[in-house]
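Results of the structural survey
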Amino acid sequence: MRYGTEPSLRRSRRLPMSSPLMKGSLLALATVFSVWVLGRTFLFLRDAALPQWFLALAAIVWGVGGSMLLFTLLANFVEQFPPRWRRGLVPLVFVGPAAAIVVIYLALPALRTLIQSFYDAKGENFVGLANYVYAFTSQEMLVSFRNNFLFWLLFGTGFSVILGLIVAVLADRTHPVFERIVKAVIFMPMAISMVGASVIWKFVYEYRPAGVNQIGLLNAVLTALGGEPRAWLLTPFWNNLFLVAIFIWLQTGFAMVVFSAAIKAVPEELLEAGRIDGANEVQVFLHITLPNIRGSVLTVTTTIILVALKIFDIVQSMTGGNYGTQVIANVQYTQMFRLFNYGRAAAVAMVLLAVVLPIMIYNLRDFSKRTEAF
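Residues numbered from 1 in each chain as written. Predicted model: local features only at pLDDT ≥ 70, side-chain atom pairs only at ≥ 80, totals over all residues. Heavy atoms only, no water.

The next point concerns the overall build of the chain. Counting secondary structure elements, the chain contains 16 helices and zero strands. For the chain, the C-alpha radius of gyration of 29 Å lies well beyond 21 Å, the compact-globule estimate for 374 residues. Taken across its 374 residues, the chain has 32% of its residues classed as buried. Across the chain, contacts joining residues at least 24 apart in sequence account for 65% of those joining residues at least 6 apart. Total accessible area on the chain is roughly 23,100 Å²; 71% of this is exposed by carbon and sulfur atoms. (Helix = DSSP H or I, 4+ residues; strand = E, 2+ residues; numbered from the N terminus. Rg over C-alpha atoms; globule rule 2.2 N^0.38 Å. Buried < 20%, exposed > 50% of the residue type's maximum accessible area, 1.4 Å probe, protein only. Contact = heavy atoms within 4.5 Å. Areas by Shrake-Rupley, 256 points an atom, 1.4 Å probe, with all protein chains shown as cover.)

Written as C-alpha cells, this is what we have:
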C-alpha cells in the first residue's frame with residue numbers, strides 16, 4: 001500500500017501552473033528579467049555609435065514599451081495576492097515609480113541645493129547666511145524682485161487672465177464657425193516655445209539706426225509714418241513691458257481655452273432666468289457666469305502665476321537680463337554658468353523655490369478638493 005500511494009502523493013504536492021503561487025513566481029521572474037533586459041538596452045543605446053534618428057526612435061520604443069511591459073507584469077503580479085494585500089500593493093505599483101522619480105529628481109536635488117547655499121562659490125567653505133544676504137540685498141536681486149512681481153506677475157498674469165476671459169466670453173456669443181477660427185488663431189501661439197516666440201518678436205522689436213533700412217516691424221511702421229526708430233529693448237522700465245507683451249501673447253490662448261470650456265458648462269437655464277428677471281448681459285456675466293467659473297479662474301490664474309515667477313526663456317533670449325530686465329531665474333543662471341558662484345546660485349534658487357512653493361501647494365489642495373467633489 002505504501003508504494004502504491006507514493007506517486008499520487010507526489011503528484012498532489014506539485015503546484016499546478018494555474019495556481020496563484022506559480023503565476024506569481026513566474027511573473028516575478030519575468031519582471032526581474034525584463035528589468036535586466038531594459039537596463040542592458042539602456043546601456044547599449046547610451047554607448048552605441050548609431051545615427052541620431054535611430055537612437056531617438058529606439059529610445060521612444062524602449063521607454064514607452066518598457067514602461068508598459070513593467071506595469072503590465074507588476075499589475076498581474078499583484079493580482080495573485082489576497083484582496084487584503086492587494087489593496088496595499090496596488091498604490092505602490094502604480095504610484096511608487098512616479099514617487100521615486102519625484103524624490104530622485106526633485107526632492108534630493110532640492111535638498112542638495114539647500115546645503116550648497118550655505119557654502120562659498122566653490123562649495124568648499126561654510127559661509128552661513130552670506131549667500132542669502134546677497135539674495136535679499138544686492139541691487140540685481142532687488143531689480144529682479146521688482147521685475148518678477150511688478151511686471152511679470154502683476155501685468156503678465158493680470159492681462160493674460162483678463163484678455164483670455166474677454167475673448168472666451170465674446171467668442172462664446174458669436175457664430176460657431178467664427179468662434180472656432182478665433183480660438184484657433186489665439187491659441188496658436190501656445191504651440192510655440194518661449195524661445196521660438198522670442199525669436200519671432202525679436203524681428204518685431206529689431207532696431208537699426210536712423211537712415212538704415214528697418215527690418216523690425218515696429219520701427220518699419222514708425223519710420224513709414226515719419227517717426228524716428230527707437231531701441232525698444234534698450235529703454236529701462238518700458239523694455240520690461242515689451243517683454244511681458246510676449247508672455248501675454250503666449251498665455252492668453254491657454255486662459256481662453258479653459259475659460260471657454262468653463263463658460264459652456266454654465267447651465268443655460270440660469271442665464272435665461274437672470275435675463276427674465278431683468279438683468280442685462282453685464283449683470284448676467286458678473287452675477288451668474290463669473291461665480292460659476294470661479295474655480296477655473298483661480299486655476300488659470302495660479303498656473304500663469306507659476307509660469308510668470310519662473311520666467312527665464314524670454315528674458316534670456318531677448319536681452320540676456322541686461323538693461324534692467326533681469327529676473328530671479330536669470331540671476332541664478334548668471335551666477336551659476338557665467339560667474340561660477342555655486343553658493344549664490346543655490347541661494348537664489350532656494351529663494352525662487354520659496355516664492356513658488358506656496359502657490360504650488362495651493363494648486364494641489366484646490367485640485368484635491370475638486371477631485372473629492374466628484
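It is worth spelling out the environment of L55 at this point. Within the secondary structure, L55 is located in helix α3 (residues 52–78). Taking the C-alpha atoms as reference points, L55 and L45, ten residues apart in sequence, are found 6.6 Å from one another. Discounting residues that sit within four places of it in the chain, L55 has contacts with L45, A48 and L50.

In total, this model carries 19 aromatic pairs according to the counting rule given. Seen in terms of ring centroids, F118 and F126 are 6.4 Å apart; in terms of plane orientation they differ by 25 degrees. Their pairing is stacked. Given a relative accessible area of 24%, F118 falls into the partly exposed group. Within the aromatic cluster, the residues linked to one another by ring pairs are F151, F155, F159, F237 and W238. One cation-aromatic arrangement involves R344 over Y134; the distance from NZ or CZ to the ring centre is 4.1 Å. (Phe/Tyr/Trp six-rings, centres within 6.5 Å; stacked < 30°, edge-to-face > 60°. Lys NZ or Arg CZ within 6 Å of the ring centre and 35° of its normal.)

This paragraph deals with the side chain of T252. For T252, the position within the fold is in helix α10 (residues 238–264). With residues up to four places along the chain from it excluded, the contact list for T252 reads S160, L163, G164 and I186.

Those residues of helix α5 (residues 130–137) that sit buried are N131, Y132, Y134 and A135. An end-on view of α5 places all buried positions within 155 degrees of arc, on one side of the element. (Arc of directions from axis to C-beta.)

A few words on helix α13 (residues 294–309). Over its 16 residues, α13 runs 22 Å from end to end, which matches the ideal 22 Å to within 8%, given 1.5 Å per residue. Inspection of α13 places S296, V300, T302, I304, I305, L306, A308 and L309 among the buried residues, and these make up the whole buried set. (Expected span 1.5 Å × (residues − 1).)

This next bit is on the confidence of the model for the chain. When pLDDT is averaged along the chain, the result is 86, and 93% of the positions lie at 70 or above. Note that residues 1–12 has pLDDT below 50 and, in this model, zero contacts with residues that lie over four places away or in other chains. (pLDDT = per-residue confidence, 0-100.)

Glancing now at the pattern of salt bridges. Enumeration according to the criterion identifies nine salt bridges in this entry. R173 serves as the salt-bridge partner of E281, at 2.4 Å between the closest nitrogen and oxygen. You can see E281 sitting in helix α12 (residues 281–292) and its partner R173 sitting in the loop between α6 (139–172) and α7 (176–187), a full 108 residues away along the chain. Judged by its relative accessible area of 34%, E281 falls in the partly exposed class. A salt bridge links K183 to E179; its shortest N-O distance comes to 2.7 Å. A residue pair is termed a helical-turn pair when its members lie 3 or 4 positions apart in one helix, as K183 and E179 do in helix α7 at four residues. Exposure class is identical for K183 and E179. Each is buried. (Salt bridge = Lys/Arg side-chain N within 4 Å of Asp/Glu carboxyl O.)

Quick look at the side chain of T319 now. Checked against the element boundaries, T319 lands in the loop between α14 (313–318) and α15 (328–337). The exposure class assigned to T319 is buried, which follows from its relative accessible area of 8%. In contact with T319, not counting residues within four places along its chain, are L233, L243 and T325.

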